[in-house]
Structures are given as structure tokens and as C-alpha cells.
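What follows is the residue order along each chain.
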Amino acid sequence: MTGPPNITISGKVTYEGVPIDEGSISFESPDGNAPSVGGKIEKGNYLIENVPPSSAGKKTVRIFAALKTGKKIPAGPPAPPDLMVDELIKLPKKFHEQSQITAELTPGKPNNFDFALSKDLPTR
């Protein structure tokens, strides 16, 4: 007899309507009793496979990313003085350290969660 199947978690992550180019996402047990799982966000998509059924249940979702602003800024020392790099900003803490975002992981069902993040998203 086999137990519940492993869980696959997938979805899209955008900020202000733009796919997050790269970052990470984690699904953590609010009480710390079940294992946390996570993965990479690439070009707005994430896929976390072979999650054990013991990780099922309500999770706090934490999303980390650095976003390009579209501006170029000096790289700073020790780089050459004329080297310009993309300016990056971090996602607000309300999406990671202070996250109120939740998801319910269920074995045997599609676990597809899309997260459309916005500056104006309430923190609850």
C-alpha cells in the first residue's frame, strides 16, 4: 500500500504586473511542525517537485527577489569608475520577512499558485 503522492507546486510571480526575473519562493509551516520547501523563481515562473506529503497543509509563502529599476548606476569600488550596472531594489518585507501570504498544499491535487504582488497589496 502506498501513501499519498508527492506534491508538485508551481505558478507565476509578478510584481506590479511584471514577471519577477529571478528570485526565490518558500512555503513554510506557520507553526514550524512540517518541513519547509522552496525553489527558484526564473522569468516569473517557479516549479517545486517531489515535495513529501508530510509537507501538506497551510503554509506561509515568502518571496525574495531583487528587481531591476530600469536605471543604470555606477558599480562602485573596486569596479572601474566608468562601469555601470543595473540598479536593483528588493521586494518589500511584507512579501518575505513579514509575509501574510498563505497557500494550502494538498497531496493528489494541482498545487498551482500565482502571486500578483503590488506595492499597494495590503499587509492584512
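Residues numbered from 1 in each chain as written. Predicted model: local features only at pLDDT ≥ 70, side-chain atom pairs only at ≥ 80, totals over all residues. Heavy atoms only, no water.

Enquirer: Can you walk me through the overall build of the protein chain in this structure?
Expert: Along the protein chain, the regular secondary structure elements total zero helices and ten strands. Written out in order from the N terminus, the α and β elements of the protein chain read β-β-β-β-β-β-β-β-β-β. A globule of 124 residues ought to have a C-alpha radius of gyration of about 14 Å, yet the protein chain, at 17 Å, is considerably larger. Overall, the C-alpha framework of the protein chain stretches about 65 × 30 × 25 Å when taken along its three principal axes. Buried residues in the protein chain amount to 33% of all 124 residues. For the protein chain, contacts bridging at least 24 residues in sequence account for 65% of all contacts bridging at least 6. Carbon and sulfur atoms make up 54% of the accessible area of the protein chain, which amounts to about 7,900 Å² in all. (Helix = DSSP H or I, 4+ residues; strand = E, 2+ residues; numbered from the N terminus. Rg over C-alpha atoms; globule rule 2.2 N^0.38 Å. Buried < 20%, exposed > 50% of the residue type's maximum accessible area, 1.4 Å probe, protein only. Contact = heavy atoms within 4.5 Å. Areas by Shrake-Rupley, 256 points an atom, 1.4 Å probe, with all protein chains shown as cover.)

Enquirer: Which parts of the structure should I look at to understand the nonpolar core?
Expert: Most often, soluble globular proteins keep nonpolar side chains buried together rather than apart. Counting residues in each nonpolar core, the largest one holds 24 residues, and the members touching the most others are Phe27 and Phe115. Those elements that place two or more of their residues in this core are strand 1 (7–15), strand 3 (22–28), strand 4 (37–42), strand 5 (45–51), strand 6 (57–74), strand 8 (102–105) and strand 10 (115–117). Among residues more than four places away in sequence, those in contact with Phe115 are Lys12, Val13, Thr14, Ile25, Phe27, Tyr46, Val61, Ile63 and Ile101. (Core = buried A, V, L, I, M, F, W, Y, C linked by side-chain atoms within 4.5 Å.)

Enquirer: Before we go on, may I ask you to explain unusual backbone geometry in this structure?
Expert: Residue Pro78 is bonded to the preceding Pro77 through a cis peptide linkage, with omega at 5°. With respect to the helices, strands and loops of the structure, Pro78 is situated in the loop between strand 6 and strand 7 (84–90). Here the phi dihedral of Glu16 falls at roughly 55°; this positive angle occurs in a residue that is not glycine. By the secondary structure assignment, Glu16 is in the loop between strand 1 and strand 2 (18–19). Of the residues examined, Glu16 reaches a relative accessible area of 40% and is grouped as partly exposed. Positioned with a positive phi, Asn50 is a non-glycine residue whose angle comes to about 60°. If you trace the backbone, Asn50 turns up in strand 5. Under the relative-accessibility criterion, Asn50 is labelled exposed at 61%.

Enquirer: Can you walk me through the packing of aromatic side chains in this structure?
Expert: According to the stated counting rule, one finds three aromatic pairs in the structure shown. When the centroid spacing of 6.1 Å and the interplanar angle of 45° are considered together, the rings of Phe27 and Tyr46 count as tilted. Taken together, the residues span a long stretch of sequence, with Phe27 in strand 3 and Tyr46 in strand 5 at a distance of 19 residues. For Phe27, a relative accessible area of 0% gives the class buried. Note on Phe27 and Phe113: the rings are 6.2 Å apart at their centroids and 45° apart in plane angle, and the pair reads as tilted. Taken as a pair, Phe27 in strand 3 and Phe113 in the loop between strand 9 (111–112) and strand 10 lie far apart in primary sequence, 86 residues in all. For Phe113, a relative accessible area of 17% gives the class buried. Clustering of aromatic rings is evident, with ring pairs tying together Phe27, Tyr46 and Phe113. (Phe/Tyr/Trp six-rings, centres within 6.5 Å; stacked < 30°, edge-to-face > 60°.)

Keep in mind that these numbers describe shape and distance, not what the molecule does.
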